[in-house]
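Secondary and tertiary structure notes
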Amino acid sequence: MEQSNGCHSLQPSQLPQDRGSASLTPGPVSGRRKKLDRSCILCHRRKIRCDRKTPCGGCDRTGVLCMYPDPQQNPPRHARTTVSDIDSRLARLERTLTAISNEKASQERNSQSILGKHIADDPLPPAVNHEEAWVDRKGTLIQHGESSVYFNEVLITNLLEEEREIRSNILTLKAEGVQPESPYSNISGIYSDSCSCSVDMQDLLPAKWEATQLWQAFLMNVNPVVKILHAPTVQKVVFAAINDPSMLKSDTSCLIFAIYFAATSSLGSDEAIHILGQEKEISLNNFRRGLEQSLRRAKILIQPTITSLQALGLYLTSLRAYNDSRSVWTLNGLAIRAAQSIGLHRDGASLKLRPFEAEMRRRLWWHIWALDIRAAEDHGLSENIIELSTGIRFPMNMDDSELSETMQEPPSPQPRWSEATFSLIIVETSYTVRRLHKIRQSCISPAECELKRKEIITNLKNTIEELYLCHCDLNIPIQRATSMLARILVAKIDFATEQQWQSLAGLEQQATEEKLIRACEILEMSIQILEDDLLRGFRWVMGSYQQYYVLTYAIWHLCSKPHGPTVERAWKVVDNSLQLGASKACSSERGSKWTILELLREKAKKIREQSTEESLAPVSIQMEDYNMDSIDPGQVPAIYEDFMSEIGWNRVEMEFPGGWEDLLVNGIGTQGYGL
């Protein structure tokens, strides 16, 4: 029984069973009570006066069991602390602090001396030249004037550290001039009204029939792969806006223009002309202007709402199909901060929100979060500032028809295919990337890191396969796209993290055939998903999942080993991948990683050409070293291998009409080959 004074009653079952003399139980009922010399345990603990009866008055009044210490047990006595003891302790502390201070000062002097030597050996360039590249084990900084580009992804960093020529070429390309600006790289309309004075928002909207067709295109091509809206609810808003656009609220106007922009992005050029009656680029530019002005009028940076952030999420996803410059990544950071400002990073259930609203918030938050992970990859950055410990659950694996604004309890998701499956797989893989990054920082040894990495990758494969992919029907376009992209993403994460963790552990990178074959397989799957005619409606979003890591390794391998059994296959997928990456025709400012890859490919081509020229150059062989008359025909294979290793030729690549045995034994046709 717990008393108001904070004391707990001691039940007999709580007492030690092997200490019979440690307590005195009440004796027979009598008027006399045995008096003891010491206070009971409870009174001693509470520091109150004990009458030393059995039981004592205090325990009797509170109704607890009265216990006395063993009579033979002496109370512990602590040694008194004297002034001399305190002086000696202070002296020891002072000596410790002095030693720490001296050690720290010594380290600072050493680092300063090393830095001074580095500056003396490599003096700074003149004040008029601000172009330089600084590399350390944490990242690479490439500067041009007052602008700079930073990379800290380990594969890119190591490559730039070794390839100084590529670093200098990047600076040269940046210094040659700025390319004409694309209408998709300028996002200033969100925070500037300089272009809004002469534009009527109504003029930027499509006709009613065109708007209806764009909504259908959105449902077919965008909604299945960007699941942040509840289509039945939004459809009412869309048709109300089509019938009377003058009644639109500012944040609803944002969403309408974002839907038009995303739908047009998903169309081919001929389809856009057929539906909208004008070039696709013109329509995209009109919808972009309307969206950005609507976002500015909705004050998204000051008063963001769920609707305006949904519009921004759609816009950022669509924009990646045309623009992978830093402006998109920067805008994604603004979206993250705006989302945090309205608590999207906290689970709606913990905020006592209705199930429908909580689910819509989960969809939106994880979509923006995953976009930020991918945007960091676009620019060679391995770290992301958004932590995992936000307490928000993943979206539920269910169709829109299972959700309603009036439901009181959320339905139970089942392991099956649903309209949210594609987006859930993107979230799962992005979450695993971030989780691997966090776990790598806590590992002690490379062996432990690799063990945990393989375990996490295996769990990811099993989770995606058991919960989602085993329920896919590959004859249905969206389910086919989901299955193909999921396998590409898992294979890429496995391949990239293996190379990254080996580099971070200080292990030398080896160019092996096994790795090159894996890289070719991933790149071939990525090309296949873009060339599959059944998936034409999803090409716009599939093209934004670029295989930077895998492509970097493949080209580096071709630089390291220009010849091999898989080289021709590798060159084919590398050229096709870079060609598809360059097909983002509307982007005038391609990401710096594309520049690095293109420069690296040029180097690989030069190495291949030089290697080919050297292999075709005439070779002088001293044939007198081989006495043809004394050769035993049974020794021909061994002599042939010795001969071929000396001249450095590959017998697979050469054919002689008389055969190798006739050439070596009988000397047939040697004059015709310059021997």
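Reading guide: rules and limits
Residues numbered from 1 in each chain as written. Predicted model: local features only at pLDDT ≥ 70, side-chain atom pairs only at ≥ 80, totals over all residues. Heavy atoms only, no water. pLDDT = per-residue confidence, 0-100. Contact = heavy atoms within 4.5 Å. Core = buried A, V, L, I, M, F, W, Y, C linked by side-chain atoms within 4.5 Å. Buried < 20%, exposed > 50% of the residue type's maximum accessible area, 1.4 Å probe, protein only. Axes fitted to C-alpha atoms, helices over the stretch in contact; angles between N-to-C directions. Helix = DSSP H or I, 4+ residues; strand = E, 2+ residues; numbered from the N terminus. Parallel < 35°, antiparallel > 145°, perpendicular 65-115°, else oblique. Nonpolar A, V, L, I, M, F, W, Y, C, P; charged D, E, K, R; others polar. Polar contact = N/O pair within 3.5 Å; in protein donor to acceptor, adjacent residues only side chain to side chain. Expected span 1.5 Å × (residues − 1). Patch = residues over 30% accessible without salt bridge, like charges linked within 9 Å, V, L, I, M, F, W, Y side chains within 5 Å. Areas by Shrake-Rupley, 256 points an atom, 1.4 Å probe, with all protein chains shown as cover. Salt bridge = Lys/Arg side-chain N within 4 Å of Asp/Glu carboxyl O. Lys, Arg positive; Asp, Glu negative; His and termini not counted. Charge placed at Lys NZ, Arg CZ, Asp CG, Glu CD. Left-handed = near helix turned anticlockwise from the far one by under 90°. Phe/Tyr/Trp six-rings, centres within 6.5 Å; stacked < 30°, edge-to-face > 60°.

**Brief notes about the confidence of the model for the protein chain**
Chain-level statistics for the protein chain give a pLDDT mean of 75 and a share of 66% at 70 or above. Below a pLDDT of 50 lies the segment residues 174-183, which in the model reaches 14 contacts outside its immediate sequence neighbourhood of four places, other chains included. Contacts of residues 643-675 to residues separated by more than four positions or lying in other chains number 36 contacts, the stretch itself having pLDDT below 50.

**Some remarks on the nonpolar core**
The biggest cluster of nonpolar side chains holds 96 residues, and the ones touching the most others in it are Phe218, Ile259, Leu312 and Leu314. Excluding its chain neighbours within four sequence positions, the residues that come into contact with Leu314 are Phe218, Val222, Val226, Ile228, Leu229, Leu255, Ala258 and Ile259. Grouped together as the second largest cluster of nonpolar side chains are 27 residues, Tyr553, Trp556, Val567 and Ala604 included.

**What to know about the packing of helix α7 (residues 231-243) against helix α8 (residues 250-265)**
Relative orientation and spacing of two packed helices are given, respectively, by the angle between their axes and the distance between those axes. Where α7 contacts α8, the two axes come as close as 11 Å, and the packing angle between them is 95 degrees. For the element pair α7 / α8, the angle class is roughly perpendicular. Within the contact between the two elements, α7 uses Val234, Val237, Val238, Ala241 and Ile242 and α8 uses Thr252, Leu255, Ile256, Ile259 and Tyr260. Counted by class, the contact of α7 with α8 contains nine nonpolar, one polar and no charged residues.

**Thoughts on the side chain of Ser318**
As for its position among the elements, Ser318 is in helix α11 (residues 306-319). At 2.9 Å, the side chain of Ser318 and the backbone oxygen of Leu314 are in polar contact. The contacts of Ser318, once residues within four sequence positions are left out, are Phe261, Ala262, Ser265 and Trp540.

**Structural notes on helix α17 (residues 513-531)**
In an α-helix, one turn spans 3.6 residues, which is why side chains three or four residues apart end up on the same side. For α17, spanning 19 residues, the distance from its first C-alpha to its last is 26 Å, which sits close to the expected 27 Å at 1.5 Å a residue. Among the residues making up α17, those that are buried are Lys515, Leu516, Arg518, Ala519, Cys520, Ile522, Leu523, Ser526, Ile527 and Ile529.

**A few points about a negative patch on the surface**
Together, Glu602, Glu609, Glu613 and Glu614 make up a region of like negative charge exposed at the surface. Mapping Glu602 onto the fold places it in helix α21 (residues 592-616). The class for Glu602 is partly exposed, based on a relative accessible area of 35%.

**Brief notes about the pattern of salt bridges**
Tallied over the full model, the rule gives 24 salt bridges. Of the charged contacts in the structure, one is a salt bridge between Asp347 and Arg362, with a shortest N-O distance of 2.8 Å. With Asp347 in the loop between α12 (326-341) and α13 (355-378) and Arg362 in helix α13, this pair connects stretches of sequence that are 15 residues apart. A relative accessible area of 5% means that Arg362 is categorised as buried. The shortest N-O distance in the salt bridge between Arg487 and Glu465 comes to 3.2 Å. Of the two residues, Arg487 sits in helix α16 (residues 477-504) while Glu465 sits in helix α15 (residues 446-467), which places them 22 residues apart along the sequence. Arg487 sits in the partly exposed class, given a relative accessible area of 39%. For Glu465, a relative accessible area of 31% translates into the label partly exposed. Here the salt bridges do not stand alone but share partners, grouping Lys227, Asp347, Glu359, Arg362, Arg363, Arg393, Asp400 and Glu419 into one network.

**Details of the packing of α13 against helix α14 (residues 421-442)**
Across the interface, α13 lies against α14 with an axial gap of 10 Å and an inter-helix angle of 50 degrees. Classified by the angle their axes make, α13 and α14 are oblique. In this structure, the crossing between α13 and α14 has a hand that is left-handed. Contact residues: Trp366, Trp369, Ala370 and Ile373 in α13; Ile426, Val427, Ser430, Tyr431, Val433 and Arg434 in α14. Residue composition of the contact of α13 with α14, grouped by class: eight nonpolar, one polar and one charged.

**Some words on the side chain of Asn286**
Mapped onto the elements of the fold, Asn286 is located in helix α10 (residues 280-297). Note on Asn286: relative accessible area 19%, which makes it buried. Beyond its immediate chain neighbours, meaning those up to four positions away, Asn286 contacts Leu204 and Gln278.

**A short note on the packing of aromatic side chains**
Under the criterion given, the structure shown has ten aromatic pairs. Centre to centre, the rings of Trp215 and Phe218 are 5.5 Å apart; their planes meet at 10 degrees, and the pair counts as stacked. Placement of the pair is Trp215 and Phe218 together in helix α6 (residues 208-222), with a separation of three residues, close to one helical turn. Judged by centre distance (6.5 Å) and plane angle (40 degrees), the rings of Trp369 and Tyr431 are tilted.

**Some thoughts on a nonpolar patch on the surface**
A cluster of nonpolar side chains, contributed by Ile86, Leu90 and Leu93, occupies part of the molecular surface with about 280 Å² of accessible area. Secondary-structure assignment places Ile86 in helix α3 (residues 83-121).

**Focus on the environment of Val225**
Looking at the element boundaries, Val225 is found in the loop between α6 and α7. A residue is classified by how much of its surface remains accessible, and Val225, at 6% relative accessible area, is buried. For Val225 and Phe422, which are 197 residues apart along the polypeptide, the C-alpha to C-alpha distance reads 5.9 Å. Other than its neighbours up to four places away in sequence, Val225 contacts Phe422, Ser423, Ile478, Phe538, Trp540 and Val541.

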